[in-house]
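# Observations on the model geometry
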Amino acid sequence: MMSDSPPSPRAARSAPIGIYDSGLGGLSVLREIRALLPGESLLYLADSRYAPYGEKPEAFVAARTGQVCGWLADQGCKALVVACNTATAHGIQALRERLALPIVGVEPGLKPAAAASRSKVVGVLATASTLRSAKFARLLEALSGDSRFVCQGGVGLVPLIEQGDVSGPAVRDKLRGYLEPMLDAGADTLVLGCTHYPFLSDTIRDMVGDRLTLIDTGVAVARQLQRRLIEHGLAADVAADGTALPADRYCTTMEAAHLRAMAAALLGVDATAETVVIEPAPALA
């Protein structure tokens, strides 16, 4: 039961930040947030039971985003990071209308990519759902006068990454099919338009060398979160006496053991993970 009294400013500042993704991709964003904001407590939620979101109907993604973020708000989170391009594209507007919390989303880094590109040809690797979203279309239209964007849906990559495969033959075969047309078109910059894809950075660099500059928006998301926390007076007090912070929570709607194993493999973190039950997802109509 919620109290009628608002939390004290100190309690509000010490509350966790909720970070949500359809699966494990948001761990790449968590990594950047942890690096920039070491004094914050983080609660990560992987909705892996329904991953990947990228090929599901827009209405499903929007409804599920509301369910999961409602659960995070009920856990006492002071701010939310929707660390999923697909969920941001289809669900964040309704979320901001519903929840009185600072909410930060992610979107493919087209603008920094256009600025970085010398050839003015930019490759974009993203989920099919992100590429067909109205939000992406508006972003593309705003920048298309200056640069050419070669967009490619990364079909099949997310399930492989969810299983911890970031460099095997299946990953390389798919990447080869996606990247070669971009290179043939003259692209010198690649937008990693899904939060899972930064975990493929080393493999991509091994395959293409310095032919593509990689654009990952995780750092920009962490900086935007920092600005929003300061703006709302919610930045954590950093203990000067070396007091240990509460351990981050890692939650999943699937098997906790898998999330723990993947946090170790992808982040090098020995995490305690837990399985949580969130109301059933809407029917895939």
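The paragraphs below set out a description of the structure included in this document. (Residues numbered from 1 in each chain as written. Predicted model: local features only at pLDDT ≥ 70, side-chain atom pairs only at ≥ 80, totals over all residues. Heavy atoms only, no water.)

## So, the packing of helix H2 (residues 27–36) against helix H11 (residues 218–231)
If you want to describe how two helices pack, look at the angle between their axes and the distance between the axes. Test applied: The axes used here are C-alpha line fits, helices contributing only the stretch in contact, and every angle between their N-to-C directions lies in the interval 0 to 180 degrees. We count a stretch as a helix when DSSP gives it H or I for four or more residues in a row; a strand needs E for two or more, and each element gets its number in order from the N terminus. Throughout, the term roughly parallel applies to angles under 35 degrees, roughly antiparallel to angles over 145, roughly perpendicular to angles from 65 to 115, and oblique to all others. Put simply, a crossing is left-handed when the front helix is turned counterclockwise from the back one by less than a right angle, and right-handed when it is turned clockwise. Should any heavy atoms of two residues lie within 4.5 Å, those residues are counted as being in contact. Charged residues are taken to be Asp, Glu, Lys and Arg, nonpolar residues to be Ala, Val, Leu, Ile, Met, Phe, Trp, Tyr, Cys and Pro, and polar residues to be all remaining types, Gly included.
At a minimum axis separation of 8 Å, H2 and H11 run at an interaxial angle of 50 degrees. For the element pair H2 / H11, the angle class is oblique. When you trace H2 past H11, the crossing you get is right-handed. Facing H2, whose interface residues are Val29, Glu32, Ile33 and Leu36, H11 presents Gly218, Val219, Val221, Ala222, Arg223, Leu225 and Gln226. Tallied by class, the residues present in the contact of H2 with H11 amount to 7 nonpolar, 2 polar and 2 charged.

## A few points about the packing of aromatic side chains
Note on aromatic pairs: each is described by the distance of the centres and the angle between the planes. Keep this limit in mind: Aromatic pairing here means that ring centres of Phe, Tyr or Trp (its six-membered ring) are within 6.5 Å. Orientation follows from the plane angle: under 30 degrees is stacked, over 60 is edge-to-face, and everything else is tilted.
Scanning the model with the defined rule gives 4 aromatic pairs in all. These aromatic residues form a ring-pair network of at least three members: Tyr20, Tyr50, Tyr53 and Phe60.

## Digging into the sheet that holds strand S8 (residues 213–215)
Filter applied, for reference: When DSSP finds at least two bridges between two strands, those strands are taken to pair.
Taken in spatial order, the 4 strands of this open sheet run S6-S5-S7-S8, and their pairing is parallel. Edge strands, defined here as strands with exactly one partner in the open sheet, are strand S6 (148–153) and S8. Between one strand and the next, the sheet's axes are offset by a mean angle of 25 degrees, whatever the strand orientation. Looking at chain direction, strand S7 (residues 189–193) and S8 are connected through 3 bridges and run parallel. The residue of S8 that forms the bridge with Leu190 is Leu214. Of the strands in this sheet, strand S5 (121–126), S6 and S7 touch helix H9 (residues 169–184), which is tilted by about 160 degrees from S5.

## Here's the deal with helix H3 (residues 58–74)
Here is the rule we go by: Any helix carries an expected span of 1.5 Å times its number of residues minus one. Burial classification: accessible surface area is computed with a 1.4 Å probe over protein chains only, and a residue below 20% of its type maximum counts as buried, one above 50% as exposed, and the rest as partly exposed.
With 17 residues, H3 extends 24 Å from end C-alpha to end C-alpha; this agrees with the ideal 24 Å at 1.5 Å per step. Buried within H3 we find Phe60, Val61, Arg64, Thr65, Gly66, Gln67, Val68, Cys69, Gly70, Trp71 and Leu72. At its buried positions, H3 is contacted by strand S1 (17–21), strand S2 (42–46), strand S3 (79–82), helix H4 (85–98) and strand S9 (249–252). Of the residues flanking the end of H3, it is Gly76, one or two places downstream, whose phi is positive at about 90 degrees.

## Re the pattern of salt bridges
Two side chains with opposite charge may pair up if their charged atoms get near one another. To be explicit about the condition: The working definition used for a salt bridge is a side-chain nitrogen of Lys or Arg within 4 Å of a carboxyl oxygen of Asp or Glu.
Applying the stated criterion across every chain yields a total of 10 salt bridges. Two residues, Arg34 and Asp248, come together in a salt bridge whose shortest N-O distance is 2.9 Å. Placement of Arg34 in helix H2 and of Asp248 in the loop between H11 and S9 is noted, with a sequence separation of 214 residues between them. Here Asp47 and Arg64 are joined by a salt bridge, their closest N and O atoms 2.8 Å apart. Remark: Arg64 occurs in helix H3 and Asp47 occurs in the loop between S2 and H3; sequence separation between them is 17 residues. A single burial state applies to Asp47 and to Arg64, both of which are buried.

## Some remarks on the layout of surface pockets
Defined as follows: With a 1 Å grid laid over protein atoms only, a set of points is called a cavity when a 1.4 Å probe fits there but cannot get out and a pocket when it is open yet has protein on both sides within 12 Å along at least five of seven lines; lining residues have an atom within 4 Å of a point. Grid points are joined across faces, edges and corners, and a volume is the space filled by probe spheres set on the points.
Empty space within the second largest pocket amounts to approximately 380 Å³. What lines the second largest pocket is a set of 21 residues, and nearest its centre among them are Gly105, Val106, Glu107, Val221 and Gln224. At the level of elements, H4, strand S4 (103–104), helix H5 (110–116), helix H7 (134–143) and H11 are the ones that each hand at least two residues to the lining of the second largest pocket. Considering each element in turn, the lining of the second largest pocket owes the most residues, 5 residues, to H11.

## Here's the deal with the sheet that holds S9
The strand order across the open sheet formed by 6 strands is S4-S3-S1-S2-S9-S10, and the pairing between neighbours is parallel. For this open sheet the edge positions go to S4 and strand S10 (273–275), each flanked by a neighbour on one side alone. Note: S2 against S9, 4 bridges, orientation parallel. Of the residues in S9, the one forming a bridge with Leu45 is Cys251.

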